[in-house]
Structure formats: C-alpha cells, structure tokens
2 protein chains.
Amino acid sequence: MAISGKKPIYLQLVDRIKNEVATDILSANDQLPSVREMALQERINPNTVAKAYKELERQEVIKTLTGKGTFVTGNTQNVKNLNQNQLFSELSSSVDQLLKNGVTRKQIEQFVDDLFGGKNAKN
Amino acid sequence: MAISGKKPIYLQLVDRIKNEVATDILSANDQLPSVREMALQERINPNTVAKAYKELERQEVIKTLTGKGTFVTGNTQNVKNLNQNQLFSELSSSVDQLLKNGVTRKQIEQFVDDLFGGKNAKN
DNA sequence: CAACTGTACTATGTAACATAGTACATATCA
DNA sequence: TGATATGTACTATGTTACATAGTACAGTTG
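Nothing here was measured: the structure is a model prediction, and the numbers come from that model.

## With respect to the protein's contact with DNA strand C
Then, number 1: In the vicinity of DNA strand C, 25 residues are found, and the nearest of them are Ile9, Asn45, Asn47 and Thr48 of chain A together with Arg36 of chain B.
Then, number 2: Put simply, 63% of the atoms of DNA strand C that lie within 4 Å of the protein are in sugar or phosphate.
Then, number 3: Within the side chain of Asn47 of chain A, a nitrogen or oxygen atom sits 3.0 Å from a base nitrogen of DNA strand C.
Then, number 4: Here a base oxygen of DNA strand C and a backbone polar atom of Gly67 of chain B are 3.1 Å apart.
Then, number 5: Elements represented by at least two residues in the surface near DNA strand C include exactly helix H1 (9–22) and helix H3 (46–58) of chain A together with helix H2 (35–42), helix H3 (46–58) and strand E2 (69–72) of chain B.
Then, number 6: Residue composition of the surface near DNA strand C, grouped by class: 6 nonpolar, 12 polar and 7 charged.

Structural data, given as structure tokens:
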C-alpha cells in the first residue's frame, strides 16, 4: 500500500496501520519499524512518521517504549470493534442516501446479494 | 443544512446542491440564489459561493448565464445516476472491508435487513 | 440609465502539512 | 563503559489550500 492521495501523509499511515491491525496483518505485540526505518521505507520524513505514531498511540492502537520501539497494543479486539462499527455506520449511511435518491429497498438488497456473487449463502 | 465541518466551505456547498438535485429538492431549470444572496444566507464570502458555483458548472450540475443567473442543468438524471453510482460504490467498499474484518456474509445481510426495520419487504 | 447577474482580479491572513536539521533521554548490547 | 538504537521535542522554512475583503467589469433586464 503506497503513500499517496489527498489525505495528509501521516493520516494515510495511521489508516493503513489501523487497517492492518483490524485485518490481522498486524497482531498484538508486533513491533513496528522505527520512525527512521519507516521513513526510509515510505520515503517520507521521520517527523511525519513520528506524528502518525503519536496519533496511533493516542488512539491506543500502539504503545511506545522509548529506547525499545513501538508495538501493537495488547487488545487488538478493541481496534477491530471500533473499525467494524465505523464500517457498519458507513454502510448504514450509504443505504440511507440511496433510499433518499429514490433507489428501492429491493434494488439495494439485490445489489448486496450480487456482491456475494449469487444466491448461495455460505457464511 | 448548515455550513460547518472539516471540509472546505465551498465543497460543502457543492455537495449540498448536488444532493438536493439528486433528491429532487432542486429540479431541472430551477434558479439558484445569486452568489451575493447565497453568501448572505450562508454568511460566507461571495467569492466562496462563486467558487462553488464554478465547480458545479464544471461538473455540469448547473449552468450559468452571466447577467441572468445560475440554473440547474436540464438533465438532472445524469447527476442522479452519478450520485447513485457513487453511493453504490461506497456501499460495495464498506461490504468488502467488513468481510476483510472477519464479519460474515450473514451478519452483513442481517444488518442491512435491520436497516429496513424488520422482515417485511414493501419496496 | 439603473439594478441586477456572474466573473475576475489583487491583497491579506490563517492554518495545516511536510520537510530539514538538531538535540536529548532511554534502552540495549558488545 | 561506550556505541548504537529507540522515541521524542524542538526550531526553522517553505508550500499549499482556504477564506476573506475589496474593487472592477461585462452581460442582462426592466
């Protein structure tokens, strides 16, 4: 995942790491690259990485041990739940807007079904 | 709908007007308030309104006749379709993300059903 | 002509963002 | 102990977007 887009770089990094925690790409107590290392990898300024880490710590996604490094929080479930709530909220908002646009309930349900590729429900 | 939030004021105005066209609050050939009038109503700078109108014209949502005023485009269906496509795209993205977060298909479908308030499908 | 449209400038100020550079306290390890 | 790595905290600089104020001008309408 590259760092590019409209959002501030440090926020893109925040989003990416939160997403990696939510999707188990990053697990509890995993160590993250140092600010300088991450800066080299992503070709951005160490200060920008530090800003992202600071924000992630504020959100209790990672914890910091000066001299040791930064690590993923012990309880990732909290991050996952917040992430899911956010996604469900966005889903709800999209449905509301579609209804206001004159799209029918049936059309929405049909679209969601099609997203799963057919009629069969496995999960 | 008030002008406040994180997004730039002129973009908030753009979004609002596009939404009003998509939801038939504004209809084809309706005249919009003049830049100065809208500025007074919303308590923002006329230049900011002008910037919004310019962007809306670029997106072909409104058309401008210098000396006469600004009017909603003749074919609002185009705006509606673009709006719906955008919303469907967002919906799809939310579902994808939820699946990546370990949420099951059943849970998502159940959530969507609950959005409609129960088991009965009217529309 | 008078009053209204949208448009186009200049100028000013603010705020966020990103960068470079430096410094410092802490932790780890040879 | 000394070297090196960690996160953190500054200052300074530059860029960009945004919003405002003010002025001016061309076209339209009555």
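## A short note on the protein's contact with DNA strand D
Then, number 1: Residues in contact with DNA strand D amount to 24 residues; listed here are only the nearest, Val35 of chain A together with Ile9, Asn45, Asn47 and Thr48 of chain B.
Then, number 2: Among all atoms of DNA strand D positioned within 4 Å of the protein, those belonging to sugar or phosphate total 68%.
Then, number 3: Between DNA strand D and Arg36 of chain A there is a distance of 3.1 Å, counted from a base nitrogen to a side-chain nitrogen or oxygen.
Then, number 4: Residue classes in the surface near DNA strand D are distributed as 5 nonpolar, 12 polar and 7 charged.

## Quick notes on the packing of helix H2 (residues 35–42) of chain A against H3 of chain A
Residue and element names in this part refer to chain A.
Then, number 1: At a minimum axis distance of 8 Å, the contact between H2 and H3 shows a crossing angle of 115°. When the axes of H2 and H3 are compared, the crossing they make is right-handed. For the pair formed by H2 and H3, the contact residues are Val35, Met38 and Ala39 on the first element and Pro46, Val49, Ala50 and Tyr53 on the second.
Then, number 2: Considering only residue class, the contact of H2 with H3 consists of 7 nonpolar, no polar and no charged.

## Quick look at H3 of chain A
All names here are of chain A.
Then, number 1: Between its first and last C-alpha, H3 extends 18 Å over 13 residues, near the 18 Å set by a 1.5 Å rise per residue.
Then, number 2: Among the residues making up H3, those that are buried are Val49, Ala52, Tyr53, Glu55 and Leu56. One side of H3 holds all its buried residues, which, seen down the axis, span an arc of 160°. When the buried face of H3 is taken as reference, the exposed residues oriented beyond 90 degrees from it are Asn47, Lys54 and Arg58.
Then, number 3: With a side-chain oxygen positioned 2.8 Å from the backbone nitrogen of Asn47, the residue opening H3 is Asn45.
Then, number 4: Looking one or two residues beyond H3, the residue adopting positive phi is Glu60, at roughly 60°.

## Points about the packing of aromatic side chains
Then, number 1: The final tally for this structure, using the stated rule, is 2 aromatic pairs over all chains.
Then, number 2: With a centroid separation of 4.5 Å and an interplanar angle of 45°, the aromatic rings of Phe88 of chain A and Phe111 of chain B are classed as tilted. You can see Phe88 of chain A sitting in helix H4 (residues 76–100) and its partner Phe111 of chain B sitting in helix H5 (residues 105–115), one on each of two chains.
Then, number 3: Judged by its relative accessible area of 15%, Phe88 of chain A is buried.
Then, number 4: Across from the ring centre of Tyr10 of chain A, 4.4 Å away, lies the NZ or CZ of Lys51 of chain A, which sits over that ring.

## Observations regarding the environment of Leu99 of chain B
Then, number 1: The residue Leu99 of chain B is located in helix H4 (residues 76–100) in this model.
Then, number 2: Linking Leu99 of chain B and Leu26 of chain B, residues 73 residues apart in sequence, is a C-alpha distance of 37 Å.
Then, number 3: Excluding its chain neighbours within four sequence positions, the residues that come into contact with Leu99 of chain B are Phe116 of chain A together with Thr104, Arg105 and Ile108 of chain B.

Procedures and definitions
Residues numbered from 1 in each chain as written. Chains lettered and ligands numbered in written order. Predicted model: local features only at pLDDT ≥ 70, side-chain atom pairs only at ≥ 80, totals over all residues. Heavy atoms only, no water. Near = heavy atom within 4 Å. Polar contact = N/O pair within 3.5 Å; in protein donor to acceptor, adjacent residues only side chain to side chain. Helix = DSSP H or I, 4+ residues; strand = E, 2+ residues; numbered from the N terminus. Nonpolar A, V, L, I, M, F, W, Y, C, P; charged D, E, K, R; others polar. Axes fitted to C-alpha atoms, helices over the stretch in contact; angles between N-to-C directions. Left-handed = near helix turned anticlockwise from the far one by under 90°. Contact = heavy atoms within 4.5 Å. Expected span 1.5 Å × (residues − 1). Buried < 20%, exposed > 50% of the residue type's maximum accessible area, 1.4 Å probe, protein only. Arc of directions from axis to C-beta. Phe/Tyr/Trp six-rings, centres within 6.5 Å; stacked < 30°, edge-to-face > 60°. Lys NZ or Arg CZ within 6 Å of the ring centre and 35° of its normal.

Everything listed here is a matter of coordinates, which is why it stays silent on function.
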